Amino acid sequence: MSADAQMTRISRPLQIAAYAFAALVGLAFLYPYWWMLVSAFRSTRAIMDDPLRLLPETLDLSIFTEIASLGGVSLARYIANSLAITTASTVLSVVVTALGAYALTRKPQLPGFTALRYGFLVTIMYPYMLLVIPVYLVMFKLGLLGSYAGIVLFLALGPIQFFLFEQFFRKIPGEVIEAAIIDGANEAQILFRIVLPMASSITVTVALITFLLNWAQWFPVLVISKTPDTYTLPVALLSMNTELGANFQGIMALAVITTLPVAGLFLLAQKRVMAGMASGAVKG
Amino acid sequence: MTTTLETVWHNRIFYLFVLPFAVLTILFGVWPIVLSIMVSFTASATALRPNPTYVGFANYAAIFADPAFLASLLRTFLYTAVAVVVNIGFAFGMAVLIDSPLLRRGGLLLRLALFLPVVTPDVAGYVVWRWLYDRSFGAINALFDTVGLPAFAGLTTGPTAMISLLIAELWHHAGFYMLIFHANLAIRDRALEEAAHVDGATAWQRWRYVILPQLKPAFIINTVYALIQFLKTFTVVVVMTKGGPNEATNFVSYYAYQLFDQGRYGEATAMASVLFLIVIGVSLTIYRLGDREAAR
């Protein structure tokens, strides 16, 4: 028996009450997913008649052909945009942030490094939604408006990535690096042969979290895009939801497509994702 | 001067490592912020020209003379205060329940259920909530009807719209705060509790004097995160209410965005600066209060 269990004598009724309450809260949190999923397969008419039905009357897949084209762009393109933009920005984010955080933690006293650190901290403190507005002006000046490059570059910068890497690099014992220097290794060798191999696990964690976060991004994508051609799934979903005379079943089907990949990825890697999010946040 | 240059040259490889990160931070962080602050001092009509007309604090004076902005600011504060308390309270309760020996394995499932919405794209989550509240499609009113409760007005009246946003945001964010509390609970020193138990402390006393003080880091982090989060509430408004009904949910971020959309760049960026100062002020105050408490 654990110390905790000894201290709080567990009464049976209390335990049942705790389970019942936990189940109620858990189901309330999961219900929107179930409702979304069921609604994607039911006709709008059927939902209006009985919104609470827990299973679709028939497994009607016709909606996915109906939303195969949205706003003049094919659904396949939105999916491809989401995959491409999220993957590219994740790879870029991991590489850029790992190198940057490594240099800033190894040599914090170098000229300009403190200023850069503060610049980054101010950036992440700035209300994100309001940062995106002047970013529009910057993209305009750089000629990146409406380009994939503009979206990917902007999405590559994030606080949690930086803090996770910084935390990891700080924990590498100085002796490891000193020993390598004594052995005659140059800085590139130290980074690529010693530090980065040690960082493989944290790199996977950062990549996973970045993928999940960037998949959900919508506002920068909307602001930097000129046409729906560069929209990702959440942006397509938002514009579909904004239309008048909304196609309810279609919206739910698109919400399913937007949610399912990341929900699945999270459930597969939940331990790593939650541990990473907790430690990345605690540092910030 | 030469010594600085020598240091830089000697460490050039580190500058090479940091270069891409520095470029991104400057291009998409520092520059837009500086630009935003500069635009807030220019006349909107000339803001995007190469030689804008600088108007001093005129935009700031204008927004503080705008009753709609002041109302929006007040609304944002009110919503933030309620949302922070509700979210932190709920997340704390859930973390304690998950950590308690009462749930055993069920704790992991509850943890997953609470955290899944955090990684669910917010647009998708809020779209579903918007329709859950709907009078003719929504499951919420259908459920209320079935169990004999009066209809819930949802997004159609001011006060219920606020509550509806709060619930949807709680669903999306609380799992994150729960995670922080839970992580803090997991690393606490259990030997202290055993010692208190041996000394005859009641369960309440153990919580109040042994466990809660150890959770202070989580309370501080969560409060700062939640304050920042809710002060800039935006996505949920865009998806669910567009500031309505009757401006009832028009928070500062959304109001600033509306002005930006109308080409009133000067006022929009002035609002951004004001919100930025509030966010920084609030975060620093909480951290400092936390430090002072710790120093006692």
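Peer 1: How would you sum up the overall build of chain A? Please name residues and give values.
Peer 2: Regarding its fold elements, chain A presents 16 helices and two strands. Relative to its length of 284 residues, chain A is extended, with a C-alpha radius of gyration of 24 Å against a globular reference of 19 Å. Summarising its shape, the C-alpha atoms of chain A cover approximately 75 × 65 × 30 Å along the three principal directions. Counting all 284 residues of chain A, 42% fall into the buried class. If you take every contact in chain A between residues at least 6 apart in sequence, the share linking residues at least 24 apart comes to 76%.

Peer 1: Break down the interface of chain A and chain B for me, citing the residues and quoting the values.
Peer 2: At the interface, 80 residues of chain A touch 79 residues of chain B. Broken down by class, the residue content of the side of chain A that touches chain B amounts to 64 nonpolar, twelve polar and four charged.

Peer 1: Which residues make up the environment of B:Ala218, and what values do they have?
Peer 2: Mapped onto the elements, B:Ala218 comes out in helix α11 (residues 216-231). Put simply, B:Ala218 and B:Arg288 are 70 residues apart on the chain and 15 Å apart in space, counted from C-alpha to C-alpha.

Peer 1: Residue-level account of the nonpolar core, with values.
Peer 2: With 165 residues, the main nonpolar core has A:Leu212, A:Ala255, B:Val127, B:Ala256 and B:Met271 as its most contacted residues. It is helix α8 (residues 158-186) of chain B that provides the largest number of residues to this core, a total of twelve residues. Here this core spans two domains, and each of domain 1 (3-60) and domain 2 (65-283) of chain A adds at least three residues to it. Dropping the residues within four chain positions of it, B:Val127 is found in contact with A:Leu237, A:Asn241, A:Ile251, A:Ala255 and B:Val239.

Peer 1: Please give an account of the domain arrangement of chain A that cites residues and values.
Peer 2: Residue and element names in this part refer to chain A. For chain A, the assigned domains are domain 1 (3-60) and domain 2 (65-283). Taking the mean C-alpha position of each, domain 1 and domain 2 sit 32 Å from one another. Contact residues are listed per partner, giving eight residues for domain 1 and six residues for domain 2. Of all elements in the fold, only α2 (12-40) and α3 (44-49) reach the threshold of two or more residues within the side of domain 1 that touches domain 2. The greatest single-element share of the side of domain 1 that touches domain 2, amounting to four residues, is contributed by α2.

Peer 1: How would you explain the packing of helix α5 (residues 106-119) of chain B against α8(B) if you had to name every residue and give the values?
Peer 2: Residues and elements named next belong to chain B. With their axes 6 Å apart at the nearest point, α5 and α8 run at an angle of 125° to one another. By the angle between their directions, the pair α5 and α8 is classed as oblique. The handedness of the crossing between α5 and α8 is left-handed. Facing Arg 111, Leu 114, Phe 115, Pro 117 and Val 118 of α5, the residues of α8 in contact are Trp 171, His 172, Ala 174, Gly 175, Phe 176, Met 178, Leu 179 and His 182.

Peer 1: Give me the lowdown on α11(B), citing residues and values where you can.
Peer 2: Compared with an ideal rise of 1.5 Å per residue, which puts 16 residues at 22 Å, α11(B) spans 22 Å between its outermost C-alpha atoms and is within 8% of the ideal. Within α11(B), the full set of buried residues consists of B:Ala218, B:Ile221, B:Asn222, B:Thr223, B:Val224, B:Tyr225, B:Ala226, B:Leu227, B:Ile228, B:Phe230 and B:Leu231.

Peer 1: Tell me what's going on with the confidence of the model for chain B, and back it up with residues and numbers.
Peer 2: Low pLDDT means the predicted coordinates in that region are not meant to be read closely. Confidence in the prediction of chain B, expressed as mean pLDDT, is 90, and 97% of residues score 70 or more. Per the prediction output, this complex has pTM 0.92; the corresponding ipTM is 0.91.

Peer 1: I'd like a description of the environment of B:Leu185, backed by residues and values.
Peer 2: All names here are of chain B. Relative to the elements of secondary structure, Leu 185 occurs in helix α8. Between the alpha carbons of Leu 185 and Gln 214 there is a distance of 8.2 Å; along the sequence they are 29 residues apart. Once residues within four sequence positions are removed from consideration, Leu 185 is found in contact with Ala 95, Asp 99 and Leu 215.

Peer 1: With reference to specific residues and values, describe unusual backbone geometry.
Peer 2: Among all residues except glycine, the phi angle is most often negative; among peptide bonds, the trans geometry is most common. Residues and elements named next belong to chain B. Backbone geometry places Asn 246, a non-glycine residue, at a positive phi of 60°. Here Asn 246 shows up in the loop between α12 (235-240) and α13 (252-261). Look at Asn 246 and you get exposed, because 10 C-beta atoms sit within 10 Å. The backbone of Glu 247 sits at a positive phi, close to 65°, despite the residue not being glycine. Its 15 C-beta neighbours within 10 Å are what place Glu 247 among the partly exposed residues.

Peer 1: Report on the packing of helix α7 (residues 128-142) of chain A against α13(B), specifying residues and quantitative values.
Peer 2: Taken N-terminus to C-terminus, the directions of α7(A) and α13(B) make an angle of 15°; their axes are 10 Å apart at the nearest point. One way to sum up the angle between α7(A) and α13(B) is to call them roughly parallel. In this structure, the crossing between α7(A) and α13(B) has a hand that is left-handed. Contacts between α7(A) and α13(B) pair A:Met129, A:Leu130 and A:Ile133 from the former with B:Ser253, B:Ala256, B:Tyr257 and B:Phe260 from the latter. Residues belonging to the contact of α7(A) with α13(B) are distributed by class as follows: six nonpolar, one polar and no charged.

About the cut-offs
Residues numbered from 1 in each chain as written. Chains lettered and ligands numbered in written order. Predicted model: local features only at pLDDT ≥ 70, side-chain atom pairs only at ≥ 80, totals over all residues. Helix = DSSP H or I, 4+ residues; strand = E, 2+ residues; numbered from the N terminus. Rg over C-alpha atoms; globule rule 2.2 N^0.38 Å. Buried ≥ 20, exposed ≤ 12 C-beta atoms within 10 Å, placed from the backbone. Contact = placed C-beta atoms within 7 Å. Nonpolar A, V, L, I, M, F, W, Y, C, P; charged D, E, K, R; others polar. Core = buried A, V, L, I, M, F, W, Y, C linked by C-beta atoms within 7 Å. Domains from an automatic or database assignment. Axes fitted to C-alpha atoms, helices over the stretch in contact; angles between N-to-C directions. Parallel < 35°, antiparallel > 145°, perpendicular 65-115°, else oblique. Left-handed = near helix turned anticlockwise from the far one by under 90°. Expected span 1.5 Å × (residues − 1). pLDDT = per-residue confidence, 0-100.

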